[in-house]
Amino acid sequence: GSRWKIPAVVTGVRSRNNAPPSCILEDPVPRAMNPRACMEVGLAGPVLAALGGTAAGPVQQVYVLLTLGTDRRGQPGQQILVRTANALYDGAGRPVRPRIKTEYFRGPPTRALEAHTDADRVAWLADHLLQPSARVLSCRVDVPAGTLLRVEERGAAD
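Residues numbered from 1 in each chain as written. Predicted model: local features only at pLDDT ≥ 70, side-chain atom pairs only at ≥ 80, totals over all residues. Heavy atoms only, no water.

### Here's the deal with the pattern of salt bridges
Inspection of the entire model under this criterion finds seven salt bridges. Across the salt bridge formed by aspartate 118 and arginine 121, the nearest N and O atoms sit 3.7 Å from each other. Here aspartate 118 and its partner arginine 121 are both found in helix α3 (residues 118-130), three residues apart, which amounts to about one turn of the helix. Aspartate 118 gets classed as exposed once you look at its relative accessible area, which sits at 60%. Residue classification places arginine 121 among the partly exposed residues on the basis of a relative accessible area of 35%. Arginine 154 is paired through a salt bridge with glutamate 152; the nearest N and O atoms lie 2.7 Å apart. On the accessibility criterion, arginine 154 (16% relative accessible area) is buried. On the accessibility criterion, glutamate 152 (25% relative accessible area) is partly exposed. Look at the salt bridges and you will find they share partners, linking Arg97, Arg99 and Asp127 into a network. (Salt bridge = Lys/Arg side-chain N within 4 Å of Asp/Glu carboxyl O. Helix = DSSP H or I, 4+ residues; strand = E, 2+ residues; numbered from the N terminus. Buried < 20%, exposed > 50% of the residue type's maximum accessible area, 1.4 Å probe, protein only.)

Structure (structure tokens):
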């Protein structure tokens, strides 16, 4: 079986104007859940704490309604409700969307870091499109050494 899952709920309720059913996405950027991905999710809080942010405070739910295409009659097409949760904030109170990349096989200091993948770039873009006011951070962690190697703020064009 596949390890890729897109958590989504498609509602069967139609509106009075016979619009298509809505789709609700719980996670806008699906990814394989393997041990490395679990480590990256678990490091989000400690990485932000190292940057001077906080995970304290209420979790803020942010909803974005997207409409994709139109039908033959020119009516709005498939509606997708995307929910994201903000649990991490910087010192100014802005939501922070950290994307952690773990480095396991660094070796000597002259060795290059792993290249960012297209999936990384899509995640940054999705975070910016869904929450333009949030800070999107690319963080590199050397897991065996337990050190934060690099933090870069990413824009929508990166």
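### Focus on α3
The end-to-end C-alpha distance of α3, which contains 13 residues, comes to 18 Å, matching closely the 18 Å that a straight helix rising 1.5 Å per residue would cover. Among the residues of α3, those classed as buried are Ala123, Trp124, Ala126, Asp127, His128 and Leu130. Where the residues of α3 are buried, they touch β3 (60-70), β4 (76-86), β5 (96-103), β6 (135-142) and β7 (147-154). (Expected span 1.5 Å × (residues − 1). Contact = heavy atoms within 4.5 Å.)

### Comments concerning the side chain of aspartate 127
By the secondary structure assignment, aspartate 127 is in helix α3. Among the residues examined, aspartate 127 registers a relative accessible area of 4% and is labelled buried. For aspartate 127, the residues in contact, after removing those within four places along its chain, are Arg97, Arg99 and Val136.

### With respect to the nonpolar core
By size, the foremost hydrophobic cluster in this structure holds 10 residues: Leu43, Ala44, Val47, Leu48, Leu88, Val96, Ile100, Leu137, Cys139 and Val141. When residues of this core are traced back to their parent elements, those giving at least two are α2 (44-50), β5 and β6. Non-local contacts of valine 141, meaning those with residues more than four positions away in its chain, are made with Leu43, Val47, Ile100, Lys101, Thr102, Glu103, Thr147, Leu148 and Leu149. (Core = buried A, V, L, I, M, F, W, Y, C linked by side-chain atoms within 4.5 Å.)

### Here's the deal with the sheet that holds β6
Adjacent strands of a sheet form backbone hydrogen bonds with each other and so pair up, either parallel or antiparallel. The three strands lie next to each other as β5-β6-β7, forming an open sheet whose pairing is mixed. Two strands in the sheet have a free side with no partner beyond their single neighbour: β5 and β7. Averaged over all pairs of adjacent strands, the angle between their axes in this sheet comes to 20 degrees, without regard to strand direction. Contacts between α3 and the sheet are confined to β5, β6 and β7, with β5 contributing the most and set at about 170 degrees to the helix. (Pairing = 2+ DSSP bridges. Axes fitted to C-alpha atoms, helices over the stretch in contact; angles between N-to-C directions.)

So, to be careful, I would describe these as geometric facts and stop short of saying anything about function.
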